[in-house]
Amino acid sequence: MVKVSVIIPVYNMEKYLAHCLDSVLGQTLEEIEALCINDGSADTSLDILKQYQQRDKRVTIIDQQNQGVAKARNNGIRQARGKYVIFMDPDDWYPSADILEMLYAGAEQNQVAIAGGSFMDYHDGIYNEEFEERYYGYHFEREGVIEYKDYQFDFGYQRFIFLRKLLADNNIFFPEYVRYQDPPFMVEAMIAAGRFYGIDKPSYCYRYGHENVSWNERKVCDVLKGIQDILDISRKHGLKKLHQLCVVRLNEEYRQLMGDSIFYEDYAVPVYESMMETLLHIDQSMLEGMDINITQILSPIIARIREDAVRHEEAYQNLQEVCDWKEQEKIGLRSEIANLTIAMRYLDTDRKYLEDDNRAVYDSFSYRFGHSVTSAPRWVYRKLGGS
């Protein structure tokens, strides 16, 4: 019997895939399957999967055209044979070899449908288990059964095994978003189960910082759709802490993304409309006791508008000053041209006076008489070598 199906969607992860598969296949719980969904990889990922499949019959490959990670995981859920399923990203790994055995034992011995451990991340050679306050659910202080109404967290679904029958009976799948599809899945499963078994030990290592994340209209809007889902679910089930957590995330974690999308991208209108729609999903009666209200979510956008307005006003003033200076410069040049024109007229008049004076001298009797008298001496002077 397959006890746990490890569902691994794979897309262009040739660099990290072997590390991931080694951590899965090296688990002390041997009754597992590594259900690998190759989602249209263009690198050697599929070849690597086939090599592992030849060495270990527990590796199952599903090869499909690229459809996105949500569809790949859902396909894995439908094809899985294990009593429990767990999800692994192809660039991550299990921090120790006994993870699946501990989770399976925790679920079975405590008769719960979900069991999970703490969260660990890795970046540039550094492992981390300490997180900001809004990630309070990443760590369990003690080991034991936890009621979800006391937990109310929605990140880090990869840390948990889920009873496959629980998912099937409640028709729980990942919404087909390109981003933020896992929190709605995790919350729906947790609510259906009611409680879970927590282990105060990292059960998953998440690698980050090795990929450049680019955003587009669909990605940004899908983040907001996922948050809308959590807001609706938390309101429906009276999960006040989770509802407030969404508001905190909007205000602290995603506001920069929303602001940049609205002010600097060509898909500003759909993002703004989705942002406004998201605010309508917030139940203000569930924000009691918070230091944040929904108007603060908009504050960075309003602040950005004000900053742009001030910046544009300053730019206008600077441009106006430049235009005024150019106008003064033009007026000055016109005045100089006018003065030069007048001066040229005076010079032309003086030239005419000088020409008339010269002509009068040449036409005078004294000049002609003197020129006649001095003609002989000038001829002698030239003959003697004078100039």
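Everything below is about the structure shown above.
As a starting point, this report considers the structure included with it. (Residues numbered from 1 in each chain as written. Predicted model: local features only at pLDDT ≥ 70, side-chain atom pairs only at ≥ 80, totals over all residues. Heavy atoms only, no water.)

Describing helix α8 (residues 217-236)
Okay, step 1: Here α8 is 20 residues long and its end C-alpha atoms lie 28 Å apart, about the 28 Å a rise of 1.5 Å per residue gives.
Okay, step 2: Inspection of α8 places Val220, Cys221, Asp222, Val223, Leu224, Gly226, Ile227, Gln228, Ile230, Leu231, Ile233 and Ser234 among the buried residues, and these make up the whole buried set.
Okay, step 3: In the core, the buried residues of α8 are packed alongside α7 (182-193), α9 (240-253), α10 (255-264) and α11 (268-280).
Okay, step 4: Here α8 starts with a cap whose side-chain oxygen sits 3.2 Å from the backbone nitrogen of arginine 218, and that cap is asparagine 216. (Helix = DSSP H or I, 4+ residues; strand = E, 2+ residues; numbered from the N terminus. Expected span 1.5 Å × (residues − 1). Buried < 20%, exposed > 50% of the residue type's maximum accessible area, 1.4 Å probe, protein only. Contact = heavy atoms within 4.5 Å. Polar contact = N/O pair within 3.5 Å; in protein donor to acceptor, adjacent residues only side chain to side chain.)

Observations concerning the environment of glycine 106
Okay, step 1: When you line up the elements, glycine 106 lands in helix α4 (residues 99-110).
Okay, step 2: Exposure remark for glycine 106: the relative accessible area of 4% places this residue in the buried category.
Okay, step 3: Once the C-alpha coordinates of glycine 106 and glycine 116 are considered, the two residues, 10 residues apart in sequence, prove to be 8.5 Å apart.
Okay, step 4: Leave out the neighbours within four places in its chain, and glycine 106 touches Val112, Ala115 and Tyr197.

Looking at the environment of histidine 243
Okay, step 1: Here histidine 243 lies in helix α9.
Okay, step 2: For histidine 243, a relative accessible area of 0% corresponds to the buried category.
Okay, step 3: Taking C-alpha positions, histidine 243 is 8.5 Å from aspartate 232, a pair spaced 11 residues apart along the chain.
Okay, step 4: If sequence neighbours within four positions are ignored, histidine 243 has contacts with Leu231, Ser234, Arg235, His281, Ile282, Asp283, Met286 and Leu287.

Topic: the side chain of serine 274
Okay, step 1: Mapped onto the secondary structure, serine 274 falls in helix α11.
Okay, step 2: A residue is classified by how much of its surface remains accessible, and serine 274, at 9% relative accessible area, is buried.
Okay, step 3: Here serine 274 is in contact with Cys221, Leu224 and Gln228, once residues within four sequence places are set aside.

What to know about the packing of helix α1 (residues 17-25) against helix α2 (residues 45-55)
Okay, step 1: Here α1 crosses α2 at 30°, and the two axes come no closer than 10 Å. In terms of orientation, α1 lies roughly parallel with respect to α2. Of the two possible hands of crossing, α1 and α2 adopt the one that is right-handed. Touching Leu17, Ala18, Leu21, Asp22 and Leu25 of α1 are Ser45, Ile48, Leu49 and Tyr52, all from α2.
Okay, step 2: Grouping the constituent residues of the contact of α1 with α2 by class yields 7 nonpolar, 1 polar and 1 charged. (Axes fitted to C-alpha atoms, helices over the stretch in contact; angles between N-to-C directions. Parallel < 35°, antiparallel > 145°, perpendicular 65-115°, else oblique. Left-handed = near helix turned anticlockwise from the far one by under 90°. Nonpolar A, V, L, I, M, F, W, Y, C, P; charged D, E, K, R; others polar.)

Observations regarding helix α3 (residues 69-79)
Okay, step 1: Among the residues making up α3, those that are buried are Ala70, Ala72, Arg73, Asn74, Asn75, Gly76 and Ile77.
Okay, step 2: Along its buried surface, α3 packs onto β1 (4-10), β2 (32-39), β3 (59-64), β4 (84-87), α6 (164-169) and α7.

Section: the pattern of salt bridges
Okay, step 1: Counted under the stated rule, the structure contains 17 salt bridges.
Okay, step 2: Among the ionic pairs, aspartate 232 bridges to arginine 235, the shortest N-O distance being 3.2 Å. Here aspartate 232 pairs with arginine 235, and both are found in helix α8, just 3 residues apart, close to one helical turn.
Okay, step 3: In this structure arginine 235 comes out as partly exposed when scored by relative accessible area, which is 36%.
Okay, step 4: Salt bridges sharing partners connect three or more residues here, namely Glu132, Arg134, Asp154, Arg249, Glu252 and Glu253. (Salt bridge = Lys/Arg side-chain N within 4 Å of Asp/Glu carboxyl O.)

Examining the packing of aromatic side chains
Okay, step 1: Scanning all chains against the criterion turns up 34 aromatic pairs.
Okay, step 2: Measuring from ring centre to ring centre gives 5.7 Å for tyrosine 84 and tyrosine 104, while their planes differ by 85°; the resulting arrangement is edge-to-face. In this pair, tyrosine 84 sits in strand β4 while tyrosine 104 sits in helix α4, placing the two residues 20 residues apart along the sequence.
Okay, step 3: Residue classification places tyrosine 84 among the buried positions, given a relative accessible area of 2%.
Okay, step 4: Aromatic side chains tyrosine 151 and phenylalanine 153 sit 5.9 Å apart centroid to centroid with 65° between the ring planes, which places their arrangement in the edge-to-face category. Grouping residues by exposure puts tyrosine 151 and phenylalanine 153 together as buried.
Okay, step 5: Seen from the ring of phenylalanine 174, arginine 73 lies directly overhead, with NZ or CZ sitting 5.2 Å from the centre. (Phe/Tyr/Trp six-rings, centres within 6.5 Å; stacked < 30°, edge-to-face > 60°. Lys NZ or Arg CZ within 6 Å of the ring centre and 35° of its normal.)

Observations regarding the pairing of strand β5 (residues 114-123)
Okay, step 1: Within β5, 9 of the 10 residues are buried, leaving the element largely enclosed by the surrounding structure.
Okay, step 2: Two strands pair when backbone bridges link them, and β5 and strand β8 (residues 160-163) are joined in this way by 3 bridges, in the antiparallel orientation. The residue bridging isoleucine 114 from the neighbouring strand is phenylalanine 162, located in β8.
Okay, step 3: Relative to strand β9 (residues 195-207), β5 runs parallel, the two being bridged by 7 bridges. Note that in β9 the partner of tyrosine 122 across the bridge is arginine 207. (Pairing = 2+ DSSP bridges.)

Treat this as a map of the structure, not an account of what it does.
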